[in-house]
Amino acid sequence: MESSLDPDSGLRLPPREKMSELSPHFFEGTEKLLEVWFSRRDEKLDDADLRKIPRHELEVLMNLVKCEIISFTQNDSLDSYVLSESSMFISKRRFILKTCGTTVLLGCLKKLTQYAFNYGGFDEVEDIFYSRKNFMRPELQPDPHSNFSSEVQKLDEVFEDGAAYCLGQMNGDCWYLYTLNRPGNMADSDDDGYVSAGDSPWMLKQLPSPCTEIQRVNQADQTLEKSGISTLIPDVQIDDFLFDPCGYSMNGIMKKKSGISTLIPDVQIDDFLFDPCGYSMNGIMKKGSYMTIHVTPEPDFSYVSFESNIPMASYKEVLGKILDIFKPGKFIMTVFANQGSVAMSSQIKKLNSRGSVAMSSHKELDGAVRIGKFMRKDLQSCQFRKYHLTYAHYVKFPS
Ligand SMILES: C[S@@+](CC[C@H](N)C(=O)[O-])C[C@H]1O[C@@H](n2cnc3c(N)ncnc32)[C@H](O)[C@@H]1O
């Protein structure tokens, strides 16, 4: 098979061994992931809530993205939606949308901000994170998703101080991130800390409000706390798992599902089995914690993703279970944590008295040259103003 040209880097990529370029059926399991945190300039957040956006407007958003809501569950702090192409989680001021296939995730950006302002009662975007792994077939993606530069251009139209990064190998497996990287710290903002750059409310490109981290800590549930783990697994070992060329493999489905249900205890699970194959699952817990798993089992382009923000002293055990269930040939892992995690709940503090829960996972990853049968191929760390990010790529040994 011939090598291909990567649209982002212009580099020639090695031929993909398993994926048939001419396969009539192809599904891009790799997700685009958007997380947006909203805020208010006056910090009066009591009445502000993204869950006030009515269902029919969420459906307008899904139309723009080109996917549908399949099911809905909720608890006190989180609304969870399983979508035809992945998942959506909405809490008081955090909006998470994860979509795969040929969806146009960034198509909803302006409308989302408009709804968050009009219905949710917010008037500023505090932070955003847009990320994805490199696609298997970028040429099949609609505008602006066929290359990261176009996605960045689209995001830059809405946000000021956006910064784009690529972690991993540009001529192999890599992971793109766009986030806000505002200069200085929040307490240093001069004047009133705001810059207006447009007429429409969603075009306001604003600097964060001049409140300190300490003030935010005092606002318990309203604290921007981005931490968690994401595992992206291209090339899963299929066996009998959720896919059988002749149709369903009920044994495989039940076996994998029972493994998934033991991943994390006390999670309210909402899952969906696609016909003829494919599996999506959202799990929610108290205090805004969630986990989500998506599986594209077709052998030529198999892909699994696991993501969670459930606070844990170590993600090692969960990761071990995931690797055991999906038996991948390789995987990518990213871990986000607030620095020092000043906003930890007492429950989290109990788990790790030395600092942020996920920070210990960074240290764990730093030291983990080998995880079971997997050898580390790449490790990169980024220090953002408020977050620490670790990216690691592991391959089965011998690969
Ligand atoms: C479960 S969905 C979500 C995929 C996810 N992003 C992942 O990590 O792989 C994709 C899987 O469901 C299958 N599928 C079947 N019907 C589908 C539909 N109507 N929409 C999206 N996927 C469908 C696809 O072929 C694929 O195997």
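Keep in mind that what you see is a predicted model, and the values were worked out from it rather than measured.

## As for the site of the ligand
Working step 1: The ligand sits among 20 residues. The nearest are Gly29, Glu31, Cys100, Thr296 and Glu298.
Working step 2: Here a nitrogen atom of the ligand sits 2.8 Å away from a polar atom, N or O, in the side chain of Glu31.
Working step 3: Compared with its free state, where it exposes 570 Å², the ligand has 86% of that area covered by protein.
Working step 4: Going through the elements one at a time, strand 13 (279-284), strand 14 (290-296) and strand 15 (303-308) are the ones with two or more residues in the shell around the ligand.

## Quick look at the UniProt feature "binding site: substrate" (unreviewed entry) in the protein
Working step 1: Under the UniProt annotation, "binding site: substrate" (unreviewed entry) lies at Phe27, Glu85, Phe274 and Glu298.
Working step 2: Within the secondary structure, Phe27 sits in the loop between strand 2 (12-13) and strand 3 (32-39).
Working step 3: Once residues within four sequence positions are removed from consideration, Phe27 is found in contact with Glu85, Cys100, Gly101, Thr296 and Phe301.
Working step 4: Under the relative-accessibility criterion, Glu298 is labelled buried at 10%.

## Examining empty space enclosed by the protein
Working step 1: Tallied over the entire structure, the rule returns four cavities of 30 Å³ or more.
Working step 2: Taken as a whole, the second largest cavity encloses approximately 110 Å³ of empty space.
Working step 3: Taken together, twelve residues make up the lining of the second largest cavity; nearest its centre are Asp127, Leu180, Arg385, Lys386 and Tyr387.
Working step 4: Counting only elements with at least two residues in the lining of the second largest cavity, the list comes to strand 8 (124-133) and strand 10 (174-180).
Working step 5: Ranked by residue count, the leading element in the lining of the second largest cavity is strand 8, at three residues.
Working step 6: Class assignment for the residues of the lining of the second largest cavity results in five nonpolar, two polar and five charged.

## Some points on the sheet that holds strand 4 (residues 69-74)
Working step 1: Across the sheet, which stays open at both edges, the eight strands sit in the order 4-5-6-7-3-8-10-9 with antiparallel pairing between neighbours. Whereas interior strands pair on both sides, the edge strands pair on one side only; in this sheet they are strand 4 and strand 9 (162-168). Pairwise comparison of adjacent strand axes, ignoring direction, gives a mean angle of 10° for this sheet.
Working step 2: The sheet contact formed by strand 3 and strand 7 (residues 94-99) spans six bridges and is antiparallel. Across the sheet, the residue bridging to Trp37 is Arg94, located in strand 7.
Working step 3: Of the strands in this sheet, strand 3, strand 7 and strand 8 touch helix 2 (residues 109-118), which is tilted by about 30° from strand 3.

## Regarding the UniProt feature "active site" (unreviewed entry) in the protein
Working step 1: Taken from the UniProt record, the annotation "active site" (unreviewed entry) applies to Ser86, Cys100, Ser280 and His294. Maximum C-alpha separation among the annotated residues is 11.3 Å over a sequence range of 209 residues, consistent with a single clustered spot.
Working step 2: For Ser280, a relative accessible area of 4% puts it in the buried group.
Working step 3: If sequence neighbours within four positions are ignored, Ser280 has contacts with Val82, Asp270, Asp271, Phe272, Phe274, Ile293 and His294.

## Some details on the packing of helix 1 (residues 55-65) against helix 2
Working step 1: Packing of helix 1 against helix 2 leaves a shortest axis separation of 9 Å and a crossing angle of 165°. The angle between helix 1 and helix 2 falls in the class roughly antiparallel. Helix 2 is crossed by helix 1, and the crossing has left-handed handedness. Every residue of helix 2 that contacts helix 1 at Glu57, Val60, Leu61 and Leu64 is listed here: Lys111, Leu112 and Tyr115.
Working step 2: Residue classes in the contact of helix 1 with helix 2 are distributed as five nonpolar, no polar and two charged.

## Quick look at the state of the cysteines
Working step 1: This structure, assessed with the given rule, holds zero disulfides.
Working step 2: With no disulfide of its own, Cys67 has Cys100 as its nearest cysteine by sulfur position, at a separation of 8.5 Å.

Calculation rules
Residues numbered from 1 in each chain as written. Predicted model: local features only at pLDDT ≥ 70, side-chain atom pairs only at ≥ 80, totals over all residues. Heavy atoms only, no water. Near = heavy atom within 4 Å. Polar contact = N/O pair within 3.5 Å; in protein donor to acceptor, adjacent residues only side chain to side chain. Areas by Shrake-Rupley, 256 points an atom, 1.4 Å probe, with all protein chains shown as cover. Helix = DSSP H or I, 4+ residues; strand = E, 2+ residues; numbered from the N terminus. UniProt positions renumbered as here; feature names shortened; annotations may be inferred. Contact = heavy atoms within 4.5 Å. Buried < 20%, exposed > 50% of the residue type's maximum accessible area, 1.4 Å probe, protein only. 1 Å grid on protein atoms, 1.4 Å probe; cavity = no way out; pocket = protein on both sides within 12 Å on 5 of 7 lines; lining within 4 Å. Points joined across faces, edges and corners; volume = space filled by probe spheres on them. Nonpolar A, V, L, I, M, F, W, Y, C, P; charged D, E, K, R; others polar. Pairing = 2+ DSSP bridges. Axes fitted to C-alpha atoms, helices over the stretch in contact; angles between N-to-C directions. Parallel < 35°, antiparallel > 145°, perpendicular 65-115°, else oblique. Left-handed = near helix turned anticlockwise from the far one by under 90°. Disulfide = S-S within 2.5 Å.

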